[in-house]
Amino acid sequence: MKNKKIQFFIGALLVLVLIVVTLSGFNLQIRKSIEETSLNSLEEVLYQQEYNFEEKLKGELSAVNHIGKMYPDFSGDISEIVAYMNYIIEDSNFNTMVLVGVDGIGVSNLGNVIDVSDRLYFQETVDKNRPIISDPIVSRVTNDDVVIALSSPINRNDELVGVIICTLKTASLDQLFGTSFDGAGYAYVTTKNGDIIAKTTNSYTITKEDNLFDTWGKAVFSNKKSLDELKMDLENQNPGYSVYDVQGKNRYVYYDALDTKDWYIFSIVPKEVMLENAYNVTNWVLLLTVIITIGFGLFFIALAIIQSRNIKKLYKVAFIDELTNISNFKKFMMDAPRIIKAHKHNEYIIIKFDIDRFKLFNDVFGMKKGNELLQTIALAWKEMCDNSIEMVARINADEFIILKKFTSFEKTEEERIQFEEKVNDSMKTNYEIKFNYGRYLIESKEVNFQDIYEKVNFAHRNAKENKDTNLCDFDNKIMQMKLREKEIENKMNYALKSEQFKVYLQPKYRLIDEKIIGAEALVRWQENDIDVVYPGSFIPLFERNGFVTKIDMYMFEKVCSLIHNWLKQGLSPVPISVNFSRLHLSNEYFVKELIEITERYNVPPSLVEIELTETDMIQNEDILLGFLNQIHEVGFKLSMDDFGAGYSSLGLLKNIPVDTIKIDRSFFINEDDPKRMRVVLKNVIMMAKELDIETVAEGVETLENVTLLKEIGCDIVQGFYYERPIPANKLKF
């Protein structure tokens, strides 16, 4: 019996030991499994944070590069440059902007002179001729902010002419990380030396110093990876994880090197938070020792719950906008093509929009109210969308994008109005909230969704730039026109430098004896020996971007050079008229520049005539009087071009003593009432003669035109009837 009891106790002990060993093994396996799952979650969180951070940097660097490529003339007035930079900053995330020359000296958006020639990022930008991101530096614009500088070269005709530099406060980068592990996780981005660039701050953060490696120098690392091994991994671009102890608390850290910049990113979570679920599950197993099967079941259930929670957290980080709780842009670009493909019988329209002057709204009502507005917009569209076949997403800042089933433009417009009313009613601010919309009706055969997005994005940009409307539909003709204009702008400086702009002359004939008594200089763009581009294809664009002032002065100098050569050959040249844009009237040195050119070529001012259109004179009458006095003192003559095309011609003659009026062709061609036209034109010419103003009729194409103009006493004619514009060297006088 005794032996049996001993055997029983030994057996029971063995069973107990077996149970303890089994449970211990289970316990260890549980902890290991959950630790691995949590580490995987931590790794995914790191990569998401890394993606967000790098996409932000790439986006901002791309924006700076775009600013550099689109930047207007580098030699502009300082005040205009400062105003332009402030205009760009207003709708961006940048703190400051600096424009410098290749010597590193330039001006900031605050108007102060800045020297960055000793900055490494500037030197690298100039040496490599590509965009560069700096390490954290103290701003020389504000002298106190710690910033990241993003610099991009400005090239004109393959020549580096300057560098555009935009800065981001390092503090503004902290918000990119979001939260993880229910707010307990946190992250750092550092330089190679460990200096902290951006970080998450919460109750678990213990780093008080500015250098992460200095803090970790006081930590105890586990045998997984030492601090030196961790640094070696990062130098070799190898991601990994380790465990370290600071102030008696263990922390897991996952790390990686960034691709965009030689910086490091670390995602950290306290061990007790990371393994909290593991402890709970272990307790369950210990409590249910007698029901091992149930214990295993609970374990797997708990494990599934943990994994499910982690997946949901990761899903939210990856695909849900944290502020508005709707899909983010990445999710939209994934799901929208699937929706279209799954519902081929439906037509779809894609709409991209933003809040008009959202920065002003934030400035007036505060960021909290601005966030409320973004949430209200998201909710309004979410309620108006059928989530099974439509979707709305936030792109970034105040930009949203919608995929809607299309029935008609009337229905789409009704929904847009309904949306705006709902938002304005909900916000109750006594401030009318407006939006800029770009729309694109997706064609049934389109499969490349990136191309679809580019089209709606183009339409949205047009809406933001258009002062007449806040709604633009994609128009391929407009897109091609914009691309053509961009192509022209890319070529124009080189074309001017390489003298592709040619002077053509159209002779002017005196009607009394039909002799050439002058000519008008007309510009032609000739890239090669065959193709000639007429001014109607590029002058309107040059008027808008200001390049016309350079073309005008170029033509004036070429005309002076022609006259100089004719005089040198012993010829008696006729006066040549040169067209000038109204933009010159705002240049106080305009007349001085004209005088310098005529003196350089030893050309009498009487041989050059200044032409301005009637419209330009109407819009600048006050300035024109002072200008006219100056040019008359020098000896230039002023001609009013397109006389009769506007509605204030006679008033101008009364106020502005021009030397010549060029009567617009439409003025003397009136097939509906030729008698009335003849009376008006005759009296205009008579009045001009009494005012001692010379008259030139332009656009004369028929013998009937010539006969009429002779009969009513016109002085001079110009047009195809006598001669088309010809290369300057072919003019005979």
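Residues numbered from 1 in each chain as written. Predicted model: local features only at pLDDT ≥ 70, side-chain atom pairs only at ≥ 80, totals over all residues. Heavy atoms only, no water.

Undergrad: I'd like a description of the overall build of the protein, backed by residues and values.
TA: Of regular secondary structure, the protein possesses 23 helices and 28 strands. When each of the 733 residues of the protein is scored for burial, the buried share is 46%. By sequence separation, contacts in the protein at least 24 residues apart represent 61% of the contacts at least 6 residues apart. For the protein, the exposed surface amounts to about 38000 Å²; the carbon and sulfur share of it is 52%. (Helix = DSSP H or I, 4+ residues; strand = E, 2+ residues; numbered from the N terminus. Buried < 20%, exposed > 50% of the residue type's maximum accessible area, 1.4 Å probe, protein only. Contact = heavy atoms within 4.5 Å. Areas by Shrake-Rupley, 256 points an atom, 1.4 Å probe, with all protein chains shown as cover.)

Undergrad: Pulling in residues and values, what's your account of the pairing of strand 25 (residues 660-663)?
TA: Covered by surrounding structure in strand 25 are Thr660 and Lys662 together with Ile661 and Ile663, the residues of both alternating faces. By the bridge criterion, four bridges tie strand 25 to strand 26 (residues 694-698) in an arrangement that is parallel. Looking at strand 26, one finds that isoleucine 663 is bridged to alanine 697. (Pairing = 2+ DSSP bridges.)

Undergrad: Explain the nonpolar core to me, using residue names and the numbers behind them.
TA: Within the largest apolar cluster, 76 residues are counted, with the highest numbers of intra-cluster contacts made by Phe501, Phe542, Phe556, Phe627 and Ile661. Of the residues forming this core, the biggest block, 11 residues, is contributed by helix 16 (residues 548-568). Apart from residues no more than four positions distant in its own chain, isoleucine 661 is found in contact with Met640, Phe643, Leu653, Val684, Ala688, Ile693, Glu694, Thr695 and Val696. The next biggest cluster of nonpolar side chains, apart from the first, holds 45 residues, and it includes Leu57, Ile148, Leu176 and Val269. (Core = buried A, V, L, I, M, F, W, Y, C linked by side-chain atoms within 4.5 Å.)

Undergrad: Describe the sheet that holds strand 18 (residues 435-441), with residues and values.
TA: With mixed pairing, six strands are arranged side by side in an open sheet as 14-16-17-15-18-19. The open sheet is flanked by strand 14 (327-328) and strand 19 (471-473), the only strands paired with a single partner. As paired strands, strand 15 (residues 347-355) and strand 18 are joined by seven bridges and run antiparallel to one another. Paired with isoleucine 351 across the strands is arginine 439, a residue of strand 18.

Undergrad: Kindly report on helix 5 (residues 227-235), identifying the contributing residues and their values.
TA: Taken together, the buried positions of helix 5 are Leu227, Leu230, Asp233 and Leu234. The buried residues of helix 5 all sit within an arc of 115° when viewed along its axis, so they share a single face. Facing away from the buried surface of helix 5 by more than 90 degrees, the exposed residues are Asp228 and Glu235. The secondary structure elements touched by the buried residues of helix 5 are helix 4 (212-216), strand 10 (220-221), strand 12 (249-257) and strand 13 (264-270). At the exit of helix 5 stands glutamine 237, carrying a positive phi of roughly 65°. (Arc of directions from axis to C-beta.)

Undergrad: Kindly report on the layout of surface pockets, identifying the contributing residues and their values.
TA: Put simply, the second largest pocket is a space of about 960 Å³. In this structure, the second largest pocket is lined by 41 residues; those nearest its centre are Glu520, Leu522, Pro535, Asn579 and Asp641. Those elements that provide at least two residues to the lining of the second largest pocket are strand 20 (501-510), strand 21 (515-525), helix 15 (539-545), helix 16, strand 23 (608-613), helix 18 (614-619) and strand 24 (637-643). Among the elements that make up the lining of the second largest pocket, the one with the highest residue count is strand 21 (five residues). Among the residues forming the lining of the second largest pocket, the class breakdown is 17 nonpolar, 10 polar and 14 charged. (1 Å grid on protein atoms, 1.4 Å probe; cavity = no way out; pocket = protein on both sides within 12 Å on 5 of 7 lines; lining within 4 Å. Points joined across faces, edges and corners; volume = space filled by probe spheres on them. Nonpolar A, V, L, I, M, F, W, Y, C, P; charged D, E, K, R; others polar.)

Undergrad: Quick one: what's the story with the sheet that holds strand 9 (residues 196-199), residue by residue and with numbers?
TA: Paired through backbone hydrogen bonds, the strands of a sheet run either parallel or antiparallel to each other. Strand order in this open sheet of six strands is 9-8-13-12-11-10, and the pairing throughout is antiparallel. A strand with exactly one partner marks an edge of an open sheet, and here the two such strands are strand 9 and strand 10. Relative to strand 9, strand 8 (residues 186-190) is paired through three bridges, and the arrangement is antiparallel. By the bridge assignment for strand 9, threonine 190 is matched with isoleucine 196.

This is a description of form; function is not addressed.
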